[in-house]
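# Per-entry structural report
As a plain string of letters, each chain reads:
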Amino acid sequence: MIDADHDADQYTIGQLAKAAGVGVETVRYYQRRNLLPVPEVATGFRTYPANLAERIRFIKRAQELGFSLDEIANLLMLEDGNDRQAIRDVAQERLTQVQAKLADLHRMEDMLTGLIQQCASSDQQAQCPIIQALASRKPTDGMACHSQDL
């Protein structure tokens, strides 16, 4: 006989995916990346504890903050929250990466703003400063962007 309370706390992979707001393939991908357990087949098909939906939402939120899946795996290992220094270290590393990207974005903004202003005020017969800067091998006025993944 199946325990009704136990069964209510169990999901099929499709139900788990729906509860977490992801697709079934996302659940399988997270399993391949060892972010989620692969349950044993108990009643002819795999069932998942309902609380895994919360874990999936955690993973998705962490991804939205830019954490890599490897960083998320590290955070999940620290899930009990007792090693707060290690958790802070992971978050600090991510913050440092975000700050570097912001600095690159500000350099890009400054460069584009300057080029647009130069283009607007340059002689119509001269080569367009935007095209000239993009075709140049040299960074324009030291405002090169360093991030390759922006």
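Residues numbered from 1 in each chain as written. Predicted model: local features only at pLDDT ≥ 70, side-chain atom pairs only at ≥ 80, totals over all residues. Heavy atoms only, no water.

Our focus in this paragraph is the overall build of the protein. Within the protein one finds 7 helices and 2 strands. The linear arrangement of helices and strands in the protein, starting from the amino end, is α-β-α-α-β-α-α-α-α. The burial tally for the protein puts 24% of its 150 residues in the buried class. Excluding contacts between residues fewer than 6 apart, the proportion of contacts in the protein whose partners are at least 24 apart in sequence is 52%. Total accessible area on the protein stands at roughly 10700 Å², and carbon and sulfur atoms take up 52% of it. (Helix = DSSP H or I, 4+ residues; strand = E, 2+ residues; numbered from the N terminus. Buried < 20%, exposed > 50% of the residue type's maximum accessible area, 1.4 Å probe, protein only. Contact = heavy atoms within 4.5 Å. Areas by Shrake-Rupley, 256 points an atom, 1.4 Å probe, with all protein chains shown as cover.)

The next subject is the confidence of the model for the protein. Confidence along the protein averages 84 in pLDDT terms, with 87% of residues attaining 70 or more. Ranking the elements of the protein by mean pLDDT puts helix α1 (residues 4-8) last, at 51, and helix α3 (residues 24-32) first, at 96. Counting interchain partners and residues more than four positions distant, the pLDDT-below-50 stretch residues 1-6 has 1 contact. Contacts for the low-pLDDT stretch residues 141-150, under 50 throughout, to residues beyond four places or in other chains number 17 contacts. (pLDDT = per-residue confidence, 0-100.)

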